[in-house]
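Listed here are the chains, written in short residue letters.
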Amino acid sequence: MAVLSIGQVAKNAGVHVETIRFYEREGLIAQPPKPSMGIRRYPQDTVHRIRFIKHAQALGFSLQECRELLELRGDDPQACALMRHHAQEKLSAIRAKLQALTQMEGVLTELLEACQQGRIGRDNPCPILKALDAED
């Protein structure tokens, strides 16, 4: 079993050393004991654990959610069903965000078109500022 320095773990996992220290503080990875003379040595599994976290984050999972997902990595026979549940929840949240972003895009597009078509002056204020100023 290979043991690695924190710098080697960072390089192999594609993260900064400070990311590893942060994950240690957050309890996402274990900090190995420091020998009286020498540097801490991390098991190779630490690299895999960090990559798992980074992949989960790239899919939109928060660090708390990553913590929960890491617990599913064991031999629990229900792990796949639980993971599917987490993934379905995340997909629903992403779809809701996409819908909200699409609505924002439409409103901003309309405002920009109104801005480009209108004459802006003292009697005709900027349509974007006017929309932002409007009371609901």
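Structure report, in brief. (Residues numbered from 1 in each chain as written. Predicted model: local features only at pLDDT ≥ 70, side-chain atom pairs only at ≥ 80, totals over all residues. Heavy atoms only, no water.)

1. Considerations on the pattern of salt bridges
- With the rule as written, the count across this model stands at three salt bridges.
- When the shortest N-O distance is used, the salt bridge between Arg21 and Glu18 registers 2.8 Å. With Arg21 and Glu18 both in helix 2 (residues 17-25) and three residues apart, the pair spans about one turn of that helix.
- Under the relative-accessibility criterion, Glu18 is labelled partly exposed at 48%.
- Between Glu65 and Lys90 there is a salt bridge, with its nearest N and O atoms 3.1 Å apart. Taken together, the residues span a long stretch of sequence, with Glu65 in helix 4 (residues 63-71) and Lys90 in helix 5 (residues 79-117) at a distance of 25 residues.
- Assessed through its relative accessible area of 23%, Glu65 is described here as partly exposed.
- Looking at Lys90, the relative accessible area reads 14%, which means it is buried. (Salt bridge = Lys/Arg side-chain N within 4 Å of Asp/Glu carboxyl O. Helix = DSSP H or I, 4+ residues; strand = E, 2+ residues; numbered from the N terminus. Buried < 20%, exposed > 50% of the residue type's maximum accessible area, 1.4 Å probe, protein only.)

2. Regarding the packing of helix 1 (residues 6-13) against helix 2
- Remark: helix 1 packs on helix 2, axes separated minimally by 8 Å, with the N-to-C direction vectors making an angle of 100°. One element, helix 1, and the other, helix 2, form an angle in the roughly perpendicular class. From helix 1, Ile6, Gly7, Val9 and Ala10 reach across to helix 2, where they touch Val17, Ile20 and Arg21.
- Each residue belonging to the contact of helix 1 with helix 2 can be placed in one class, and the counts come to five nonpolar, one polar and one charged. (Axes fitted to C-alpha atoms, helices over the stretch in contact; angles between N-to-C directions. Parallel < 35°, antiparallel > 145°, perpendicular 65-115°, else oblique. Contact = heavy atoms within 4.5 Å. Nonpolar A, V, L, I, M, F, W, Y, C, P; charged D, E, K, R; others polar.)

3. Details of the packing of aromatic side chains
- Considering all chains together, one arrives at one aromatic pair under this definition.
- Each ring, one from Phe22 and one from Tyr23, has its centre 6.2 Å from the other, and the planes form 50°; the classification is tilted. (Phe/Tyr/Trp six-rings, centres within 6.5 Å; stacked < 30°, edge-to-face > 60°.)

4. Some details on helix 3 (residues 45-58)
- Here helix 3 contains 14 residues, and its C-alpha end-to-end distance of 20 Å stays within 8% of the 20 Å for a straight helix at 1.5 Å per residue.
- All of the buried residues in helix 3 are Thr46, Val47, Ile50, Ile53 and Ala56.
- Buried residues along helix 3 sit against strand 1 (3-4), helix 1, helix 2, strand 2 (42-43) and helix 4.
- Of the residues one or two after helix 3, Gly60 is the one with positive phi, at around 100°. (Expected span 1.5 Å × (residues − 1).)

5. What about the environment of Leu129?
- As for its placement among the helices and strands, Leu129 is situated in helix 6 (residues 127-133).
- Sequence spacing of Leu129 and Leu111 is 18 residues, and the spatial spacing of their C-alpha atoms is 9.4 Å.

6. A closer look at the nonpolar core
- Counting residues in hydrophobic clusters, the biggest one holds 21 residues, and the most contacted among them are Val9, Val15, Ile20, Tyr23, Ile50 and Ile53.
- The set of elements that each furnish at least two residues to this core consists of helix 1, helix 2, helix 3 and helix 4.
- The residues touching Ile50, leaving out its near neighbours within four places in the chain, are Val9, Ala13, Val15, Ile20, Tyr23 and Ile29. (Core = buried A, V, L, I, M, F, W, Y, C linked by side-chain atoms within 4.5 Å.)

No statement about biological role is implied by the geometric values presented.
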